[in-house]
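Close look at the chain arrangement
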Amino acid sequence: MIAILGPEVSWYLAVAAFLFATGALGVLLRRSPLIVLLSLEIMLNGANLALIAFARHHGNGSGQIFALGVMAVAASEVVVGLGLIVAISRRNLDLDVDKLRTLRG
Amino acid sequence: MTLAFAAGNVLVWTVWILAAFACLGSAIAVISFTNPFFSALALIGNLGALAVLYLLLSAEFVAAAQVLVYAGAVMVMFLFVIAYLGGRADAPWAGGPTWQQVGAIGAAAALLVEIVVAVGLKAGGRLSHQHHVYRSFGSPHAIGRLFLTDHLLAFEITSIVLLVAAIGGVILGSHSRKLVGEKPL
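These lines cover the structure that appears in this document, whether it is placed above or below. Remember, it's a predicted structure, so these values are computed and weren't measured experimentally.

1. Quick word on the overall build of chain B
Scanning chain B for helices and strands turns up six helices and zero strands. Secondary structure elements of chain B occur, N-terminal to C-terminal, as α-α-α-α-α-α. The C-alpha atoms of chain B give 22 Å as radius of gyration, which overshoots the globular expectation for 185 residues (16 Å, by more than 25%). Looking at chain B as a whole, 31% of its 185 residues are labelled buried. The contacts of chain B with a sequence gap of at least 6 include a subset with a gap of at least 24, amounting to 64%. Of the accessible surface of chain B, which amounts to about 11,100 Å², a share of 74% is contributed by carbon and sulfur atoms.

2. A word on the layout of surface pockets
By volume, the largest pocket amounts to about 440 Å³. When contributions to the lining of the largest pocket are tallied by element, the ones reaching two or more residues are helix H3 (62-90) of chain A together with helix H3 (60-85) and helix H6 (152-173) of chain B. The element contributing the most residues to the lining of the largest pocket is H3 of chain A, with ten residues. Class assignment of the residues belonging to the lining of the largest pocket gives a composition of 17 nonpolar, five polar and no charged.

3. Looking at H3 of chain B
Compared with the 38 Å implied by 1.5 Å per residue over 26 residues, the 36 Å span of H3 of chain B between its first and last C-alpha is a close match. At Met75 of chain B, H3 of chain B shows its largest bend, some 30 degrees. When we look at burial in H3 of chain B, the residues that qualify are Val62, Ala63, Ala65, Gln66, Tyr70, Val74, Met75, Phe78, Leu79, Val81 and Ile82 of chain B. In this fold, the buried residues of H3 of chain B make contact with helix H2 (33-58) and H3 of chain A together with helix H2 (36-56) of chain B. Once H3 of chain B ends, the next one or two residues include Gly86 of chain B, with phi positive near 65 degrees.

4. Regarding the packing of aromatic side chains
Where two aromatic rings form a pair, the distance of their centres and the angle of their planes describe that pair. Within this structure, the stated rule accounts for seven aromatic pairs over all chains. Aromatic side chains Trp11 of chain A and Trp16 of chain B sit 5.9 Å apart centroid to centroid with 80 degrees between the ring planes, which places their arrangement in the edge-to-face category. Taken together, the positions of Trp11 of chain A in helix H1 (residues 9-29) and Trp16 of chain B in helix H1 (residues 3-32) put the pair across two chains. Judged by relative accessible area, which is 5%, Trp16 of chain B ranks as buried.

Each value, and the rule that gives it
Residues numbered from 1 in each chain as written. Chains lettered and ligands numbered in written order. Predicted model: local features only at pLDDT ≥ 70, side-chain atom pairs only at ≥ 80, totals over all residues. Heavy atoms only, no water. Helix = DSSP H or I, 4+ residues; strand = E, 2+ residues; numbered from the N terminus. Rg over C-alpha atoms; globule rule 2.2 N^0.38 Å. Buried < 20%, exposed > 50% of the residue type's maximum accessible area, 1.4 Å probe, protein only. Contact = heavy atoms within 4.5 Å. Areas by Shrake-Rupley, 256 points an atom, 1.4 Å probe, with all protein chains shown as cover. 1 Å grid on protein atoms, 1.4 Å probe; cavity = no way out; pocket = protein on both sides within 12 Å on 5 of 7 lines; lining within 4 Å. Points joined across faces, edges and corners; volume = space filled by probe spheres on them. Nonpolar A, V, L, I, M, F, W, Y, C, P; charged D, E, K, R; others polar. Expected span 1.5 Å × (residues − 1). Bend = angle between axes of the 7 residues up to and from the residue. Phe/Tyr/Trp six-rings, centres within 6.5 Å; stacked < 30°, edge-to-face > 60°.

This is the structure we're talking about:
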């Protein structure tokens, strides 16, 4: 059995909440879609940290499995997001989420 | 409480404080840099600091996967695209604060308060006593056993998600003859 060392779970949860809020701020604040994607990664990582902290708290490995699933979804999201950004820039459009307003194919 | 336990506790606290502040600082750096290249580099630092926090939570396999998959593969893809596109992003803090920026900061602060209040109300009293775990908790052996017994369906669905994303990436990235010359979107 491993004894408990260092901070309690609530400290990890505070870091996770701050990371999630920072990522949300980046998504709302920035207009470059690249930085919006990077901020989304920060939000997903905040959620992952909370999942792993609760997995350790309850001594149950299912939270870690869920975190690995979130990582796979994040990788998929990056693939599609970067593909969209490259497709946008190939048509010589501005990389600015405020100007990409019309959803016409 | 033995001396070795106390020394270990101090060491874990020191590592935790360093990793947590590196994590928060690099997250703020990601959303503050004007150059997307620096933002991506700051995110790599963020992922590395998070891997340290995962190790402190005895999630060895997830920490290794974080470094290999995120900091290795995903961020290299990001850096390739940033190098391909070049250019600069918007400067977030340039000029006076607009109503959009004030609203964004207010919304993010409200979200932070909401998370803290929700978690504090729901689980505040129960977060202090943790369960003891076995030494194999979070090891590749334990994760693999969970993946192939309790969470087999999630494992298979993950493979389908990755396959669909790969197909989508190929379709988005392939040159389509029809679209040359026209400028929709």
